[in-house]
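So the chains spell out like this:
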Amino acid sequence: MSEAVVSVSGLRKYYGNTRAVDGIELEVRKGEVFSLLGPNGAGKTTTIEMLEGLRKPDEGSIEILGLNPWKDATSMRRRVGIIPQDFNFIQRITPAEAIRYFATLFKAPDRSEELLELVDMRNMEKTYFMHLSGGQKQKLGLCLALVNNPELLFLDEPTTGLDPQARRNMWEVIRKLKSEGKTILLTTHYLEEAEVLSDRVGIIDQGKMIAGGTPQDIISKHGSGKALYVSGNDEIARKVRSATGLRCTVEGRNISVEISNNTEIARVLDIVRSSGVELETLQLREETLEDVFLKMVGKVED
Amino acid sequence: MRLKNILADLSVYGRSFARSREGLFFTFVFPIVLIAIFGAIFSGNGGSSVPLYVQNMDGNSPAALQLLAGLNSTHLVNIRFIPSGANITRYVSENSITAALVIPSTFGQSIASGAPVSLPYYNNPTVSSSQIAGQAIGIVVQQINLNLSNAHNTIYVRSYADSVVAQGYVDFLIPGLIGFTILTTPMFSVTFIVSNYKKDKIFRQLSLTPLTRGEWLFSKFLWYIIVSVLSAALMIGVGVLLFDAHVRINLYLAPLLLIGVFMFVSLGTFAGAVAKTEEGAAVIGNIITFPMMFLSGTFFPISIMPAWLQTVAHFLPLYYVIDGLNAVMVYTNYTSAMIDMLISLTISVAFFILAMLAFSWKEA
Ligand SMILES: Nc1ncnc2c1ncn2[C@@H]1O[C@H](COP(=O)(O)OP(=O)(O)O)[C@@H](O)[C@H]1O
Ligand SMILES: [Mg+2]
């Protein structure tokens, strides 16, 4: 197992009575993509900003590349790249100018062309920041984060508010960066994003890490495994529950039954058939991270 | 402080400023529009007669009344009175008067007894209105001397050509408007930028780089010095070429410009930093800026305001900058300019300390 570039333990931050971050343990290993997944207000931003040295933890210890982000902020930031949540920049500045500005500040070589190429924005060289689309702004944020050629990237909701196409573009860029060997810690409230991008995921809710590991680990640990998806209604769902004791939810004109072994399939089908409903739908599904997330957090953002 | 960082920020900030039409308009075009408007309103003589200011120390003596009636009947001058208690030289210079005649308290007695008496005439021989008033006085005095039919002339006119460079209203308008842009350009844009960067989290973004808050602020000083020098040069140029302004330009202007910019960039930073929202920043900025914009001697010399407003003006920081600019450009009174510089510098340092206390890039 490769070395940890981020290790966090017992991290806490309270705002008055709000326990924004309430005892988080976290380890990100070199070269992996780690997603902090959680609904709005879960504490993702507060956590990542403490890792970036932008906020001071109330309690707990953080080590980033062997440094303390609050005390060694300056030296740490030479080696990490950061896109804050809601990235925004000087309105009347072109992407190339912004990148060169950061390059001078970081005493880094001017790689504006290379970076704009990476995010596929070479044609935007002369457009003011204020006229860029949401996705392009976010990609410029990524370029700025990459100016100092960092080994570790912190991306706070890099695709929030982007249309599906722009989101997929961003994913592609993140994969490219991973293939270059960069370690990436990102936050998201999109399940799909966490599932397709990450090596490992940490699910955060109300300031606590409620599950962690590879998506498969989380599913097998917190999910029941499979779900039977058949035509049905409220009444049938009730019957299934009372007859089998299995968890069963109604989804439109279908019901979803969590099963742990295949003999249960026949029992459920019997009940459905005897209720006189025509079997239009019949699917056996592996539970996804989404099913687990829904069960654990109880809600999901659009 | 690293010069490279300051210059990198200056170049980015300068570009973004120069790309905003509003910024350019209010810095370079608006003051010229004001010169044109105020110049037209105040400097016109409104007809053929020229103003002649008279300080009558001899009350209602028949001789004084006869002199005034004579001046009136020439139709060359339009008489206005200076309070008999006023210090004539100061009054003349502060009000940019180019023709002022004093009737001494002994005037009536001297005429009656035939003793010689001289009338001090404060004027600026290079101004045509001054010459016209001088002619009118000459005609009337000669007439009275003849009527008195003494062996010698009883009344003499003693001419005092003033040391004031200014020859008209527009000459006071230029230092005033230079002060106006030193106030408004940083106050409006820095206040907005600081609150806007705070809201858009651009300061947070910058705090992730090696740029420091001190370097950022220093780059703003440099930028507004550049802008103020350009804007002042433009106003002087337009004033001299198009409006026939007469102002003295020398190195004393440099420290005044620097201190003025330092003062209002600091104050703007403070206002933007204490405001919770962009709208709040606009309100605070306006509350600070508007009274100063009108009451510090920007559009007219403060001496024409009521006494209590003049007292108010002495509490407005811009007053000292404009007073200093006037001292250099109009009165060539450098001692007074140095005092204004010292006062402005003290105020600026206080504003700078306040700004640094309120202006933070870090969140709790
Ligand atoms: N500066 C702050 N002051 C007070 N409460 C805050 C502050 N920042 C965040 N919070 C609260 O902390 C909780 C976690 O917020 P955040 O970390 O932004 O969540 P997320 O990024 O997961 O949406 C929320 O309840 C939020 O309202
Ligand atoms: Mg967040």
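Residues numbered from 1 in each chain as written. Chains lettered and ligands numbered in written order. Predicted model: local features only at pLDDT ≥ 70, side-chain atom pairs only at ≥ 80, totals over all residues. Heavy atoms only, no water.

Participant: I keep staring at the domain arrangement of chain B and nothing clicks. Help me out?
Facilitator: Residue and element names in this part refer to chain B. Here chain B is described as being made up of domain 1 (3-41 + 168-358) and domain 2 (50-160). Just the C-alpha atoms count here: the centres of domain 1 and domain 2 sit 43 Å apart. Tallying the contact residues gives five residues for domain 1 and four residues for domain 2. At the junction of domain 1 and domain 2, the tally comes to zero salt bridges. If you look at where domain 1 meets domain 2, you find zero residue pairs in polar contact (both at pLDDT 80 or more). Along the lines of polarity and charge, the residues of the side of domain 1 that touches domain 2 split into four nonpolar, one polar and no charged. (Domains from an automatic or database assignment. Contact = heavy atoms within 4.5 Å. Salt bridge = Lys/Arg side-chain N within 4 Å of Asp/Glu carboxyl O. Polar contact = N/O pair within 3.5 Å; in protein donor to acceptor, adjacent residues only side chain to side chain. Nonpolar A, V, L, I, M, F, W, Y, C, P; charged D, E, K, R; others polar.)

Participant: Honestly, the side chain of B:Thr209 in this entry has me stumped. Any pointers?
Facilitator: All names here are of chain B. Turning to its location among the elements, Thr209 is positioned in the loop between helix 8 (202-207) and helix 9 (213-243). Residue Thr209 is classed as buried on the basis of its relative accessible area of 8%. Of note is the side chain of Thr209, whose polar atom sits 2.7 Å from the backbone oxygen of Leu206. (Helix = DSSP H or I, 4+ residues; strand = E, 2+ residues; numbered from the N terminus. Buried < 20%, exposed > 50% of the residue type's maximum accessible area, 1.4 Å probe, protein only.)

Participant: Sorry if this is basic, but what is going on with the side chain of A:Ser231 here?
Facilitator: Residues and elements named next belong to chain A. One can find Ser231 in strand 10 (residues 226-231). Relative accessible area serves as the criterion here: at 4%, Ser231 is assigned to the buried category. Polar contacts involving the side chain of Ser231 include one to the main-chain amide nitrogen of Glu280, which spans 3.0 Å. At a separation of 2.9 Å, a polar atom in the side chain of Ser231 contacts the main-chain amide nitrogen of Thr281.

Participant: Where do I start with the packing of helix 13 (residues 317-329) of chain B against helix 14 (residues 334-358) of chain B in this structure?
Facilitator: The axes of two packed helices give the description: the angle between them and the distance between them. Residues and elements named next belong to chain B. Relative to each other, helix 13 and helix 14 sit at 155°, their axes nearing to 8 Å. One element, helix 13, and the other, helix 14, form an angle in the roughly antiparallel class. As helix 13 runs across helix 14, the sense of the crossing is left-handed. Residues Pro317, Tyr320, Val321, Asp323, Gly324, Ala327 and Val328 of helix 13 pack against Tyr334, Ser336, Ala337, Asp340, Ile343, Ser344, Ile347 and Phe351 of helix 14. Here the residues of the contact of helix 13 with helix 14 sort into ten nonpolar, three polar and two charged. (Axes fitted to C-alpha atoms, helices over the stretch in contact; angles between N-to-C directions. Parallel < 35°, antiparallel > 145°, perpendicular 65-115°, else oblique. Left-handed = near helix turned anticlockwise from the far one by under 90°.)

Participant: Can you walk me through the environment of B:Val190 in this structure?
Facilitator: By secondary structure assignment, the location of B:Val190 is in helix 7 (residues 169-199). Once you skip the residues sitting within four places of it in the chain, B:Val190 turns out to touch B:Thr185, B:Tyr224, B:Val265, B:Gly268 and B:Thr269.

Participant: Even after reading the chapter, I still don't get the site of ligand 1, so can you show me in this structure?
Facilitator: All names here are of chain A. Neighbouring residues of ligand 1: Tyr15, Thr18, Ala20, Pro39, Asn40, Gly41, Ala42, Gly43, Lys44, Thr45, Thr46 and Arg55. Measuring from an oxygen atom of ligand 1, one finds a backbone N or O atom of Gly41 at 2.7 Å. Gly43 places a polar main-chain atom, nitrogen or oxygen, 2.9 Å from an oxygen atom of ligand 1. The protein chains hide 63% of the 560 Å² of surface that ligand 1 would expose on its own. (Near = heavy atom within 4 Å. Areas by Shrake-Rupley, 256 points an atom, 1.4 Å probe, with all protein chains shown as cover.)

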